[in-house]
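# Summary of the model geometry
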Amino acid sequence: QETDPDEKARLVNLYKERDLVTGMCGDGANDCAALRAADVGVSLSDTEASIAAPFTSKIQDISCIIKLLAEGRAALTTSFQIFKFIVFYSIAQCFMVGLLYYCGSDMTDYEYIYNDVILSFLLALTFSKTKPNKNLSVLRPSVSLVSFSVLTSIVGQILMQCAIFVIVVQVVKQEPFYKPIKEEQEENFGHIVGSFENTVAFYTSNFQLVAASLAFSVGKPFRVPFYKNIYFLLALVLLSTYNIWILVCPDKYSQDILMLRDLPQEFRLKMLIVNSLNLLFMIFYDQVIVKKCTWYWAVSYTHLTLPTIYSVQISVVAVSLKK
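Remember, predicted model here, so these are calculated numbers, not experimental data.

What follows is about the overall build of the chain. A count of helices and strands for the chain gives 12 helices and four strands. Contacts spanning at least 24 positions in sequence make up 70% of the contacts within the chain whose residues lie at least 6 apart. Surface exposure of the chain reaches about 17300 Å², of which carbon and sulfur atoms provide 65%.

Next up, the structure:
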């Protein structure tokens, strides 16, 4: 005896009334009502059911749900990563530009192009290509942009990197080779763009963007590790190589077009060490400290146990037609 289509829809609504995210699999016209009522409807055929369901599977059984969940969690995680990266980049660069204006300088046009068009665009484009993890985890990604983990990650990283900008600018002012901007303004009859403050801030921002893309590039349990993303790995190698090159031993063309000031080799090596340590700490902060703080906050303030926090609240209604 064939199941009544209205009963299938009522069953789906019963799950939803219990605040459960409900999926429905169907392969016939009598499944259309339930597929429309479900939070996630998956059609197992190319017939009428595919019109009512947002997803159509070429696999004619409910094993496609595993792949659908993996793809969905990876897509959600990737969206959050790009959001955090863009917010971090925008606010950090805004602070850097404001700091340079306060010092009487600014970024050059080609520095803006390198940071905006090359660094941030290529990193965001490539690390979003990381594929989902084939093994479905019992953990679930964050579903809110204002969650504790997201805010802790973004705010913490921004505050630390803004502090780094202030530190490197103050350090270069204490060096014997430093020439105050006011003296250069008098020599150049007004406002100047390239300066020692601009040079050290630009070097620092280059390493920060690479570090942020690595820190926000979450792998397991929802996506494969970043090193399996060949596009992202290639972008990291090329951009990091160029960043190190223009810092340690810049060629005359890059130095002239970016309007970078000459720095002693010893100071360049110090900057390389500091920026490398900062890169490692940014990754450590996001991948270790934020995760531990998130877990502590969840247990302490939501009074939830581990099974409750990490339980999978997705019920798949598998419907088999009996004729």
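So much for the structure itself; the text now carries on.
In terms of nonpolar packing, the biggest core is built from 53 residues, with Phe85, Leu123, Val200, Phe202 and Tyr203 touching the most fellow members. When residues of this core are traced back to their parent elements, those giving at least two are α4 (64–103), α5 (109–127), α6 (148–173), α8 (196–216), α9 (230–248) and α11 (265–301). If you tally residues by element for this core, the top one is α8, at 12 residues. Among all residues touching Val200, those that are not within four sequence positions of it are Val168, Val169, Val172, Leu263, Phe267 and Met271. With nine residues, the next largest nonpolar core counts Met24, Cys32, Ala38 and Ala52 among its residues.

A word on empty space enclosed by the protein. The full count for this structure, using the stated rule, is two cavities of 30 Å³ or more. Its boundaries defined by the atoms lining it, the largest cavity holds a volume of some 60 Å³. Every residue along the wall of the largest cavity is listed here: Phe88, Tyr89, Ala92, Gln93, Met96, Asn115, Phe165, Ser205, Gln208 and Leu209. Those elements giving two or more residues to the lining of the largest cavity turn out to be α4 and α8. Considering every element that reaches the lining of the largest cavity, the biggest residue donor is α4, with five residues. When its residues are assigned to classes, the lining of the largest cavity shows six nonpolar, four polar and no charged. Quantified by volume, the second largest cavity comes out at close to 30 Å³.

Relative to the helices and strands, Gln157 is located in helix α6. The buried category is assigned to Gln157, whose relative accessible area is 0%. Sequence-distant contacts of Gln157, defined by excluding residues within four places in its chain, comprise Phe88, Ala215, Phe216, Met282, Tyr285 and Asp286.

Take the pairing of strand β1 (residues 21–26) next. In terms of burial, β1 is largely enclosed, as five of its six residues are buried. Across four bridges, β1 lies against strand β2 (residues 40–43) in parallel orientation. Pairing of Gly26 across the sheet is with Ser43, part of β2. As a crossover connection, the stretch from β1 through helix α2 (residues 32–37) into β2 is right-handed.

Think of two packed helices as two axes; the pair is described by the angle between the axes and how far apart they sit. Running from N to C, α6 and α8 point in directions that differ by 155 degrees, and their axes come no closer than 9 Å. In terms of their interaxial angle, α6 and α8 are classed as roughly antiparallel. With respect to the hand of their crossing, α6 and α8 are arranged in right-handed fashion. Contacts between α6 and α8 involve Ser153, Gln157, Gln161, Ile164, Phe165, Val168, Val169, Val172 and Lys173 from the first element and Phe196, Glu197, Val200, Ala201, Thr204, Ser205, Gln208, Ala215 and Phe216 from the second. Its residues assigned to classes, the contact of α6 with α8 shows 10 nonpolar, six polar and two charged.

Before going further, it helps to spend a moment on the pairing of β2. Consecutive residues of a regular strand have side chains that alternate between opposite faces of the sheet. Bridge count for β2 against strand β3 (residues 55–56) is two bridges, and the pairing is parallel. Across the sheet, Ser43 pairs through a bridge with Thr56, a residue of β3.

Moving on: the packing of α5 against α8. Orientation of α5 relative to α8, taken along the N-to-C sense of each, is 10 degrees, at an axis distance of 10 Å. What the angle tells us is that α5 and α8 run roughly parallel. Along the contact surface, α5 presents Glu111, Tyr114, Asn115, Leu119, Leu123 and Phe127, while α8 presents Asn198, Phe202, Ser205, Asn206, Leu209, Val210 and Ser213. Its residues assigned to classes, the contact of α5 with α8 comprises seven nonpolar, five polar and one charged.

To continue, consider the packing of aromatic side chains. Considering all chains together, one arrives at 12 aromatic pairs under this definition. Here Phe226 and Tyr227 contribute two aromatic rings whose centre-to-centre distance is 5.8 Å and whose plane-to-plane angle is 75 degrees, an arrangement assigned as edge-to-face. Members of the aromatic cluster, connected to one another through ring pairs, are Phe85, Phe127, Phe226, Tyr227 and Phe232.

Considering all chains together, one arrives at four salt bridges under this definition. Here Asp31 and Lys8 are joined by a salt bridge, their closest N and O atoms 2.5 Å apart. With Asp31 in the loop between β1 and α2 and Lys8 in helix α1 (residues 5–17), this pair connects stretches of sequence that are 23 residues apart. One exposure class covers both Asp31 and Lys8, and it is buried. The salt bridge partner of Glu266 is Lys270, with a shortest N-O separation of 3.9 Å. Of this pair, Glu266 and Lys270 both sit in helix α11, four residues apart, which is roughly one turn of the helix.

About the criteria used
- Residues numbered from 1 in each chain as written.
- Predicted model: local features only at pLDDT ≥ 70, side-chain atom pairs only at ≥ 80, totals over all residues.
- Heavy atoms only, no water.
- Helix = DSSP H or I, 4+ residues; strand = E, 2+ residues; numbered from the N terminus.
- Contact = heavy atoms within 4.5 Å.
- Areas by Shrake-Rupley, 256 points an atom, 1.4 Å probe, with all protein chains shown as cover.
- Core = buried A, V, L, I, M, F, W, Y, C linked by side-chain atoms within 4.5 Å.
- Buried < 20%, exposed > 50% of the residue type's maximum accessible area, 1.4 Å probe, protein only.
- 1 Å grid on protein atoms, 1.4 Å probe; cavity = no way out; pocket = protein on both sides within 12 Å on 5 of 7 lines; lining within 4 Å.
- Points joined across faces, edges and corners; volume = space filled by probe spheres on them.
- Nonpolar A, V, L, I, M, F, W, Y, C, P; charged D, E, K, R; others polar.
- Pairing = 2+ DSSP bridges.
- Right-handed = clockwise from strand over helix to strand, strands pointing away.
- Axes fitted to C-alpha atoms, helices over the stretch in contact; angles between N-to-C directions.
- Parallel < 35°, antiparallel > 145°, perpendicular 65-115°, else oblique.
- Left-handed = near helix turned anticlockwise from the far one by under 90°.
- Phe/Tyr/Trp six-rings, centres within 6.5 Å; stacked < 30°, edge-to-face > 60°.
- Salt bridge = Lys/Arg side-chain N within 4 Å of Asp/Glu carboxyl O.

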